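Each chain is listed here by its residues.
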Amino acid sequence: MPELPEVQTVVDTLSPRILGRSIARVDLRRSDIVDPAGIDLPQLITGRTVTSLTRRGKRIVFTLDDGNLFYIHLGMTGRLTIETPDAAIRKHTHLILSLNPEPRTLTPLELRFVDPRRFGGIWWCGKDAPKDTMGPEPLTITANELATRLKKTHRPIKNALMDQRVIAGLGNIYVDESLHAAGIHPLTFADRLKPAQVARLTKCIKSVLNKAIRHRGSTLRDYLDGEGKAGQFQKLHRVYARDGEPCLNCSTLIKRIVLGGRSTCFCPTCQRR
DNA sequence: GTCCATGTTCTTTA
DNA sequence: CTAAAGAACATGGA
């Protein structure tokens with residue numbers, strides 16, 4: 001589910017509800033979603049206040065008032081939503097944080113983490129910056145920076161852009177959409193792209209992501225933002241999951257191939273080899 | 001029953 | 001050794 005635009009939307013919707021509230025109770029219903037295994041997460045965070053909530057790649061980074069830090073990754077089906085305590089607890093709810101009301105309001109809230117497939121989880125970092133082998137943020141990367149990184153790998157551009165060490169935050173949807181916008185065939189070797197193509201790709205990645213953020217992400221099945229609302233950008237996908245349908249630019253039928261074990265959709269006319 | 005799914009990480013292969 | 005490809009993880013829907 002969640003790539004950069006979805007994760008950014010979750011952070012944006014959660015921030016006003018979480019920042020400044022202290023954590024009154026922690027209900028960790030499945031301790032195997034916490035890494036490292038064996039730490040006492042409830043003991044570490046009960047009574048603390050979240051002082052900042054940020055995104056790095058697809059991670060949601062929580063900073064606490066004692067300087068400790070952890071992040072949540074939503075994996076494929078993870079959801080992080082604000083609920084009132086009386087809301088029904090749905091299946092696969094693994095963590096509930098009860099948040100004290102702000103001084104002026106009397107509404108207690110809960111932050112709930114739900115993740116059926118459990119590819120997501122919570123990573124405790126303590127006071128150290130999280131171990132970070134991720135590439136640069138796509139919204140601020142320069143064309144030169146991306147070009148340098150792509151030059152180092154002889155893989156199809158699709159695979160390279162999916163690799164979080166090359167560039168952080170992109171996944172299957174937004175790589176396909178960006179490559180289509182840039183007119184680049186997904187099988188093109190990353191190290192063979194011309195500077196003009198990388199420049200165009202950089203621009204397209206940014207415009208696709210920004211547009212997706214404005215539409216609050218893509219909801220295919222599981223994704224909801226922090227307030228429980230679905231995204232709308234799936235209605236504007238131009239290639240993702242549109243195989244067999246006409247290209248919105250040229251009417252050629254969108255083709256589907258498998259790359260890196262993932263389905264990859266592209267327009268054979270707009271994206272020539 | 002089968003296949004597929006927004007992601008990451010470990011293992012195997014070249 | 002390294003880079004790249006493939007399998008594995010767990011659940012649910014079509």
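Calculation notes
Residues numbered from 1 in each chain as written. Chains lettered and ligands numbered in written order. Predicted model: local features only at pLDDT ≥ 70, side-chain atom pairs only at ≥ 80, totals over all residues. Heavy atoms only, no water. Helix = DSSP H or I, 4+ residues; strand = E, 2+ residues; numbered from the N terminus. Buried < 20%, exposed > 50% of the residue type's maximum accessible area, 1.4 Å probe, protein only. Near = heavy atom within 4 Å. Polar contact = N/O pair within 3.5 Å; in protein donor to acceptor, adjacent residues only side chain to side chain. Nonpolar A, V, L, I, M, F, W, Y, C, P; charged D, E, K, R; others polar. Phe/Tyr/Trp six-rings, centres within 6.5 Å; stacked < 30°, edge-to-face > 60°. Contact = heavy atoms within 4.5 Å.

Caption draft 1: Up close: unusual backbone geometry. The omega torsion of the bond from Asp35 to Pro36 falls at 0 degrees, within 30 degrees of zero and hence cis. The residue Arg118 is not glycine, and still its phi comes out positive at about 60 degrees. With respect to the secondary-structure elements, Arg118 resides in the loop between β8 (109-114) and β9 (121-126). Since its relative accessible area comes to 37%, Arg118 is described here as partly exposed. You will see that Ser251, though not glycine, has its phi angle at about 75 degrees, which is positive. Within the secondary structure layout, Ser251 lies in the loop between α6 (195-214) and β10 (255-259).

Caption draft 2: Region of interest: the protein's contact with DNA strand C. Close contacts around DNA strand C come from Lys91, His92, Pro116, Arg117, Arg118, Phe119, Thr153, His154, Arg155 and Arg221, and that covers them all. A distance of 2.7 Å is found between a phosphate oxygen of DNA strand C and a side-chain nitrogen or oxygen belonging to His92. In the model, a phosphate oxygen of DNA strand C is placed 2.4 Å from a nitrogen or oxygen of the Arg118 side chain. For the surface near DNA strand C, a count of residues per class yields two nonpolar, three polar and five charged.

Caption draft 3: Structural view of the packing of aromatic side chains. What the rule picks out here adds up to four aromatic pairs. Ring geometry for Phe70 versus Trp124: centroids 6.1 Å apart, planes at 15 degrees, classification stacked. A residue pair is termed long-range when its members are at least 10 positions apart, and Phe70 in strand β5 (residues 69-73) and Trp124 in strand β9 qualify at 54 residues. Assigned by exposure class, Phe70 and Trp124 land together as buried. With centroids separated by 6.0 Å and ring planes inclined at 25 degrees, the aromatic side chains of Tyr174 and Phe233 adopt a geometry described as stacked. Of this pair, Tyr174 sits in helix α5 (residues 172-182) while Phe233 sits in the loop between α6 and β10, and the two are 59 residues apart along the sequence. Of the two residues, Tyr174 and Phe233, neither departs from the other in class, the shared state being buried. Here a set of aromatic residues connected by ring pairs shows up, and it is made of Phe62, Phe70 and Trp124.

Caption draft 4: Representation of α5. Summarising burial for α5: 10 of the 11 residues are buried, a large majority. For α5, the full list of buried residues reads Asn172, Ile173, Tyr174, Val175, Asp176, Glu177, Ser178, Leu179, His180 and Ala182. Looking at the buried side of α5, the elements it contacts are α1 (4-18), α4 (157-162), α6 and β11 (262-266). Just past α5, the residue Gly183 takes up positive phi, approximately 70 degrees.

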